[in-house]
Amino acid sequence: MDNFCARSKDFDGSRSKIPNKMTRILCGNPVAQFHSHRQEILESIKRVLDNGPYILGPEVVAFEQKFAAYNDAKYCVGVGSGTDALVLAMKALDIGAEDEVITVSHTAVATVSAIVAIGATPVLVDIEEKYYTLDPNLIKPVITKKTKAIIPVHLYGQPCDMDAVMQIASKYGLYVIEDCAQAHGATYKSRKVGAMGDVGCFSFYPTKNLGAVGDGGAVITNNYSVSERIKRLRQYGWDKNRVSQESSTVSRLDELQATILRVKLEYLDDDNDKRRKAASLYDNKLANKGWSLPAVRPDSVHVYHLYVARVNDRQQVVSDLAKVGIDAGIHYSCPAHMHAGMKGKVYAPAPLTVTEKIVKEIMSLPIYPEVDAIHVTEVLKDV
Ligand SMILES: *Cc1c(COP(=O)(O)O)cnc(C)c1O
């Protein structure tokens, strides 16, 4: 549930203090997204229900083609979730037990648990304090003979420093798997995220910039054999004759989700523009609050999956916001290497100083295409 801004213990019960007439602004709001495109979505659902098939039919194929084209990639394979996109992509690249994969601890834990799921070891490095994404200077020192890949995470909708990542990867012969779960439509030097590396992995979890009404994910790539392998891996390892050529699980994007995603993809750029407008309003109106507001990497287009500010007295600020009806979130309150379930499974060769520092200060303000950002800034004046 990482992308619903979970309200932490700090401000549990705050809802009861809100006067009834006050509008409560959620941190993310996928239901508002549905209502923005309600009629078209309902018609597309009806078409699928009336005609079938319900699994791996024309809607998935059409969405895959459209999403590949949108990202300037040759191939797209729809799968069951963003986590599965990462898992199947790594399997398709023959990454597994004994291998090491370099990524960040400051991410949705899914990035790291996907590496653990394939039996490889996540090697975690620190982030750039300014942009909250993988610090490319820290990659080289942690490369070993076992290193197979780097997973840059375009966190909060901000592209990583991809030139630096790609340069190191090509020098050391490593795969690059872009975790684009929070960055649908973001660009780095005019290139969409996801097709710069070997594969790009997307999640369509409802709150993401392109969200389904259930689980969904996709892998994009320019490599035909990798795309075909992922198609096989998403369905029992089946070949065209439904004979399993390698043992695998099942992880498919279904027709209902695909048809909804087809509708919403048409509006993705427009919706990202709306997120950027809200962000720029926050940038302007909150500039004098003494908070540290998000910085945008030069030559990049940020898509503000989240608007993350840093404050010194977070507990106080978050509970003050709750009192005026603003649901702030924390993404993430616990870095991956500190999760109980990751104990003994991840490796951080060097101290994660920035990660551990900012994790105590970060706070996500409500952001989604339909957010009433003017109202939020009005209310925030008094906090
Ligand atoms: C959401 C997310 C994932 C996982 O996606 P699911 O669809 O929930 O499996 C992976 N990485 C990041 C950075 C995410 O935000």
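Criteria and thresholds
Residues numbered from 1 in each chain as written. Predicted model: local features only at pLDDT ≥ 70, side-chain atom pairs only at ≥ 80, totals over all residues. Heavy atoms only, no water. 1 Å grid on protein atoms, 1.4 Å probe; cavity = no way out; pocket = protein on both sides within 12 Å on 5 of 7 lines; lining within 4 Å. Points joined across faces, edges and corners; volume = space filled by probe spheres on them. Nonpolar A, V, L, I, M, F, W, Y, C, P; charged D, E, K, R; others polar. Domains from an automatic or database assignment. Contact = heavy atoms within 4.5 Å. Buried area = accessible area lost by both parts, 1.4 Å probe. Salt bridge = Lys/Arg side-chain N within 4 Å of Asp/Glu carboxyl O. Polar contact = N/O pair within 3.5 Å; in protein donor to acceptor, adjacent residues only side chain to side chain. Helix = DSSP H or I, 4+ residues; strand = E, 2+ residues; numbered from the N terminus. Near = heavy atom within 4 Å. Areas by Shrake-Rupley, 256 points an atom, 1.4 Å probe, with all protein chains shown as cover. Pairing = 2+ DSSP bridges. Axes fitted to C-alpha atoms, helices over the stretch in contact; angles between N-to-C directions. Patch = residues over 30% accessible without salt bridge, like charges linked within 9 Å, V, L, I, M, F, W, Y side chains within 5 Å. Buried < 20%, exposed > 50% of the residue type's maximum accessible area, 1.4 Å probe, protein only. Phe/Tyr/Trp six-rings, centres within 6.5 Å; stacked < 30°, edge-to-face > 60°. Lys NZ or Arg CZ within 6 Å of the ring centre and 35° of its normal.

## Here's the deal with empty space enclosed by the protein
And then number 1: Taken as a whole, this structure holds 2 cavities of 30 Å³ or more when the rule is applied.
And then number 2: Space inside the largest cavity adds up to approximately 110 Å³.
And then number 3: If you go around the largest cavity, you meet 16 residues; those closest to its centre are Gly28, Asn29, Thr207, Arg275 and Ile367.
And then number 4: Residues of the lining of the largest cavity, tallied by class, amount to 6 nonpolar, 7 polar and 3 charged.
And then number 5: A domain-level breakdown of the lining of the largest cavity finds at least three residues from each of domain 1 (2–27 + 267–380) and domain 2 (36–265).
And then number 6: As a volume, the second largest cavity reaches approximately 60 Å³.
And then number 7: Around the second largest cavity, the lining residues are Lys130, Tyr131, Tyr132, Tyr156, Gln158, Pro294, Ala295, His302, Tyr304, Leu306, Tyr307 and Val308.
And then number 8: Of the residues in the lining of the second largest cavity, the class split is 9 nonpolar, 2 polar and 1 charged.
And then number 9: Each of domain 1 (2–27 + 267–380) and domain 2 (36–265) accounts for three or more of the residues forming the lining of the second largest cavity.

## A closer look at the domain arrangement of the protein
And then number 1: One can read the domain layout of the protein as domain 1 (2–27 + 267–380) and domain 2 (36–265).
And then number 2: Listed by partner, the interface residues are 44 residues for domain 1 and 50 residues for domain 2.
And then number 3: Interface of domain 1 and domain 2: buried area, both sides summed, is about 4,100 Å²; carbon and sulfur atoms make up 56% of it.
And then number 4: When the buried surface of domain 1 facing domain 2 is broken down by residue, Tyr267, Leu268 and Arg297 rank first, second and third, together holding 19% of it.
And then number 5: The interface formed by domain 1 and domain 2 holds 3 salt bridges in total.
And then number 6: The partner of lysine 357 in a salt bridge is glutamate 129, and the shortest N-O contact between them spans 2.8 Å.
And then number 7: In this assembly, domain 1 and domain 2 are joined by 33 residue pairs in polar contact (both at pLDDT 80 or more).
And then number 8: At the level of secondary structure, the elements contributing two or more residues to the side of domain 1 that touches domain 2 comprise helix H9 (268–285), strand E10 (300–301), strand E11 (307–310) and helix H11 (353–358).

## So, the site of the ligand
And then number 1: For the ligand, the set of nearby residues contains 15 residues, the closest of which are Thr83, Asp179, Gln182, Ser203 and Lys208.
And then number 2: Between the ligand and serine 203, the relevant distance is 2.7 Å, taken from an oxygen atom to a side-chain nitrogen or oxygen of the residue.
And then number 3: Taking lysine 208, its side chain carries an N or O atom lying 2.7 Å from an oxygen atom of the ligand.
And then number 4: Protein contact buries 94% of the 380 Å² of open area that the ligand shows by itself.
And then number 5: Counting residues per element, the ones that place at least two in the shell around the ligand are helix H4 (82–92) and helix H5 (109–117).

## Looking at the sheet that holds strand E5 (residues 175–179)
And then number 1: The strand order across the open sheet formed by 7 strands is E1-E9-E8-E5-E4-E2-E3, and the pairing between neighbours is mixed. Of all strands in the sheet, those bounded by a partner on one side alone are strand E1 (75–79) and strand E3 (121–125). Strand-to-strand twist in this sheet, taken as the mean axis angle between neighbours without regard to direction, amounts to 25°.
And then number 2: Where E5 lies against strand E8 (residues 199–203), 3 bridges are found, and the strand directions are parallel. Bridge pairing links glutamate 178 to glycine 200 in E8.
And then number 3: Running over the sheet, helix H6 (residues 162–172) touches strand E4 (147–150) and E5 and is turned about 150° from E5.

## Notes on a nonpolar patch on the surface
And then number 1: Where nonpolar side chains cluster on the molecular surface, the patch consists of Leu49, Tyr54, Ile55 and Leu256 and spans about 360 Å² of accessible area.
And then number 2: On the basis of relative accessibility, which here comes to 45%, the residue leucine 49 falls in the partly exposed class.

## Side note on the packing of aromatic side chains
And then number 1: Per the stated rule, a full pass over the model turns up 10 aromatic pairs.
And then number 2: For the ring pair phenylalanine 67 and phenylalanine 202, a centre distance of 4.9 Å and an interplane angle of 80° mean the geometry is edge-to-face. Linking phenylalanine 67 in helix H3 (residues 58–70) with phenylalanine 202 in strand E8, this pair joins segments that are 135 residues apart in sequence.
And then number 3: For phenylalanine 67, a relative accessible area of 0% puts it in the buried group.
And then number 4: Aromatic ring contacts, followed pair by pair, group Phe63, Phe67, Tyr70, Phe202 and Phe204 into a single cluster.
And then number 5: The aromatic ring of tyrosine 70 is capped on one face by lysine 192, whose charged end is 3.9 Å from the ring centroid.
And then number 6: The residue whose ring lies beneath lysine 289 is tryptophan 291, and the NZ or CZ to ring-centre distance is 5.5 Å.

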